Amino acid sequence: MELQDKSAIVTGAGSGVGRASALRFAAEGARVLCADVRADSAKETVAAIESAGGTAYAVAADVSREDSVEAMVAVAVEHFGRLDIIYNNVGIPTPRLGAQLCDHTWADFQKLVSVNIGGIFLGSKYAVAQFKSQGDGGVILNTGSVAGLVSWGGPVYGATKSAVHQLTKAVAIECAPFGIRANAICPAGMPYTGFMAAGGLPPAADIEQVAASVGQQHPLGRPITAEDCAAAAVYLVSDRAANVTGVLLPIDGGYVAK
């Protein structure tokens, strides 16, 4: 029970890494606010948590809107009494798989920035304000990407994830005197989560064939799963990582070490 009696927010909790992490957080004893732009998906995650004996609450939230994020943090405090952890997980991929720089429209750029960077900024801002008001620290975890560490995944998407990484490190240093930690996980290709499909992977593609192809890019030979990310997330938000901050942890089977 690594997170016993902790209160946590997980954004994008309706599917993929967000859902896997919300389930793990609850299994480790946390009370979890499951936030997602799709309210029904968040409620499905809550139902799964509650059926396993955990405590959770669903809220619809658009991380690219300040009023929505501010309200999300307020709901967590209202229902659970405080906030200990925020996992800013929401991100969107390059809108068209394989899109190069000149293939992106200005609208593509603005959407990627507003969600991938804006969501991290807003989540961190309002969580830090709440942590400071409580006066006893807190934990921020962000979802970055190997695309922010090396040139992979498209120029604009990679640039947004690099910004996530820099913001994570800056918050870690600025907020260290208040006992607030900030880290990020940096996953590689995750074919089972649907994230690649959102970027244009043909719906009829054989997922196992795609997963095998993605896995071959990693020295360990396996694709990254949502559960891989959730396991790392639990460690980074737990007290076992009490002296770990400003870390960008690749979940990539050794990809960036090549």
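Quick note: structure is the one above.
Keep in mind that what you see is a predicted model, and the values were worked out from it rather than measured. (Residues numbered from 1 in each chain as written. Predicted model: local features only at pLDDT ≥ 70, side-chain atom pairs only at ≥ 80, totals over all residues. Heavy atoms only, no water.)

Participant: Just to check I follow, could you spell out the overall build of the protein chain for this structure?
Facilitator: Within the protein chain, the regular secondary structure consists of eight helices and seven strands. The principal-axis extents of the C-alpha atoms in the protein chain amount to approximately 45 × 40 × 35 Å. For the protein chain, the proportion of its 258 residues judged to be buried stands at 49%. In the protein chain, once contacts between residues fewer than 6 apart in sequence are set aside, the share between residues at least 24 apart is 71%. A total accessible area of about 11300 Å² is found for the protein chain, and carbon and sulfur atoms account for 56% of it. Here the protein chain contributes 18 positive and 23 negative side-chain charges, whose respective centroids are spaced 4 Å apart. (Helix = DSSP H or I, 4+ residues; strand = E, 2+ residues; numbered from the N terminus. Buried < 20%, exposed > 50% of the residue type's maximum accessible area, 1.4 Å probe, protein only. Contact = heavy atoms within 4.5 Å. Areas by Shrake-Rupley, 256 points an atom, 1.4 Å probe, with all protein chains shown as cover. Lys, Arg positive; Asp, Glu negative; His and termini not counted. Charge placed at Lys NZ, Arg CZ, Asp CG, Glu CD.)

Participant: Sorry if this is basic, but what is going on with the sheet that holds strand 7 (residues 248-251) here?
Facilitator: Either a parallel or an antiparallel arrangement is found when strands of a sheet pair, and the pairing is made through backbone hydrogen bonds. Taken in spatial order, the seven strands make up an open sheet running 3-2-1-4-5-6-7, and their pairing is parallel. At either margin of the open sheet sits one strand with a lone partner, and together these are strand 3 (55-60) and strand 7. Direction aside, the axes of adjacent strands within the sheet are offset by 20° on average. For strand 2 (residues 31-36) and strand 3, the ladder comprises six bridges, and the chain directions are parallel. Directly across from C34, in strand 3, lies its bridge partner A58. In this fold helix 5 (residues 155-175) packs onto strand 5 (138-143), strand 6 (180-187) and strand 7, with an angle of close to 160° to the strand it touches most, strand 6. (Pairing = 2+ DSSP bridges. Axes fitted to C-alpha atoms, helices over the stretch in contact; angles between N-to-C directions.)

Participant: What is the right way to look at the packing of helix 1 (residues 16-27) against helix 2 (residues 39-51) in this model?
Facilitator: When two helices pack together, their arrangement is given by the angle between the helix axes and by the axis-to-axis distance. It is at 10 Å that the axes of helix 1 and helix 2 come closest, and there the two elements cross at 30°. As judged from the angle between their axes, helix 1 and helix 2 are roughly parallel. The two elements helix 1 and helix 2 cross, and the hand of that crossing is right-handed. Along its contact with helix 1, which presents R19, A22, L23 and A26, the element helix 2 presents S41, E44, T45, A48 and I49. By residue class, the composition of the contact of helix 1 with helix 2 is five nonpolar, two polar and two charged. (Parallel < 35°, antiparallel > 145°, perpendicular 65-115°, else oblique. Left-handed = near helix turned anticlockwise from the far one by under 90°. Nonpolar A, V, L, I, M, F, W, Y, C, P; charged D, E, K, R; others polar.)

Participant: Please explain the pattern of salt bridges as it appears in this structure.
Facilitator: Close approach of charged atoms lets side chains of opposite charge pair. By the definition in use, this model includes nine salt bridges. Among the ionic pairs, R65 bridges to D67, the shortest N-O distance being 2.7 Å. You can call R65 partly exposed: its relative accessible area is 43%. D67 gets classed as partly exposed once you look at its relative accessible area, which sits at 46%. (Salt bridge = Lys/Arg side-chain N within 4 Å of Asp/Glu carboxyl O.)

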